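Coordinate inspection notes
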Amino acid sequence: YPSEDSSAVFVKHSSVFWSTDDTPMVWAVSEADRIYAKKITIGRTLGSSIEVYEGLKKGDRYIANPTSDIKENMFIDAISVPATSTPANPHEHVQ
């Protein structure tokens, strides 16, 4: 079982998509609220979540339920799907 201070990051299955060369990716959200495809390295699957070894760290924002109309470099405001933040500190909350 992961410990409380585990640095493991988990994302929902629905947030991962596969590039044309079969690389797992997520739609990440930059500090400037732009969406970009980010390559990740995945590990274990636990229920509806996948462990991310590399590519996302705690506090990073990403699209948990991406739609097919998301494109590289779009602004987060241009889509109707909210960004999700990987659990970081309780003071950081993404709407």
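Anyway, here's the lowdown on the structure attached to this text. In this text the structure is predicted, and so the values were computed from the model without any measurement. (Residues numbered from 1 in each chain as written. Predicted model: local features only at pLDDT ≥ 70, side-chain atom pairs only at ≥ 80, totals over all residues. Heavy atoms only, no water.)

A separate point is the overall build of the protein chain. Along the protein chain, the regular secondary structure elements total zero helices and eight strands. Reading the secondary structure of the protein chain in the N-to-C direction produces β-β-β-β-β-β-β-β. Burial statistics for the protein chain: of 95 residues in total, 38% are counted as buried. For the protein chain, long-range pairs separated by at least 24 residues make up 54% of all intrachain contacts whose partners lie at least 6 apart in sequence. (Helix = DSSP H or I, 4+ residues; strand = E, 2+ residues; numbered from the N terminus. Buried < 20%, exposed > 50% of the residue type's maximum accessible area, 1.4 Å probe, protein only. Contact = heavy atoms within 4.5 Å.)

To continue, consider the nonpolar core. Val9, Val11, Val16, Val26, Ile40, Ile50, Val52, Leu56, Tyr62 and Ala64 together form the largest nonpolar core, which totals 10 residues. Contributing elements (two or more residues each) for this core: strand E1 (9-12) and strand E6 (49-54). Discounting residues that sit within four places of it in the chain, Val52 has contacts with Val9, Val11, Ile40, Thr41 and Ile42. Counting residues in each nonpolar core, the second largest holds nine residues, with Val29, Ile35, Ile70 and Ala83 among its members. (Core = buried A, V, L, I, M, F, W, Y, C linked by side-chain atoms within 4.5 Å.)

Bringing the side chain of Asp60 into the picture now. Along the chain, Asp60 turns up in the loop between E6 and strand E7 (61-63). A distance of 2.9 Å separates a polar side-chain atom of Asp60 from the backbone nitrogen of Lys57. The residues touching Asp60, leaving out its near neighbours within four places in the chain, are Lys38, Gly55, Thr84, Ser85 and Thr86. (Polar contact = N/O pair within 3.5 Å; in protein donor to acceptor, adjacent residues only side chain to side chain.)

A word on the pairing of strand E3 (residues 24-29). Among the six residues of E3, six are classified as buried, and the element is accordingly described as predominantly covered. Burial along E3 is two-sided: Pro24, Val26 and Ala28 and Met25, Trp27 and Val29, pointing in opposite directions, are all buried. Bridging between strand E2 (residues 16-18) and E3 involves three bridges; their strand directions are antiparallel. What sits directly across from Phe17, in E3, is Met25. Hairpin remark: E2 followed by E3, antiparallel, with five residues in the connecting loop; positive phi at Asp22, about 65°. Inspection of the sheet shows E3 paired to strand E4 (residues 35-39) by five bridges, in the antiparallel sense. Residue pairing for E4: Trp27 is matched across the bridge by Ala37. Hairpin connection from E3 to E4: five residues lie between these consecutive antiparallel strands, with Asp33 at a positive phi of about 65°. (Pairing = 2+ DSSP bridges.)

Turning our attention to the pattern of salt bridges. Per the counting criterion, the structure on display carries three salt bridges. A salt bridge links Asp33 to Arg61; its shortest N-O distance comes to 2.6 Å. With Asp33 in the loop between E3 and E4 and Arg61 in strand E7, this residue pair connects regions lying 28 residues apart in the sequence. Assessed through its relative accessible area of 28%, Asp33 is described here as partly exposed. With a closest N to O distance of 2.7 Å, Arg44 and Glu51 form a salt bridge. Among the residues examined, Arg44 registers a relative accessible area of 39% and is labelled partly exposed. (Salt bridge = Lys/Arg side-chain N within 4 Å of Asp/Glu carboxyl O.)

By themselves, these are just geometric observations and shouldn't be taken as functional.
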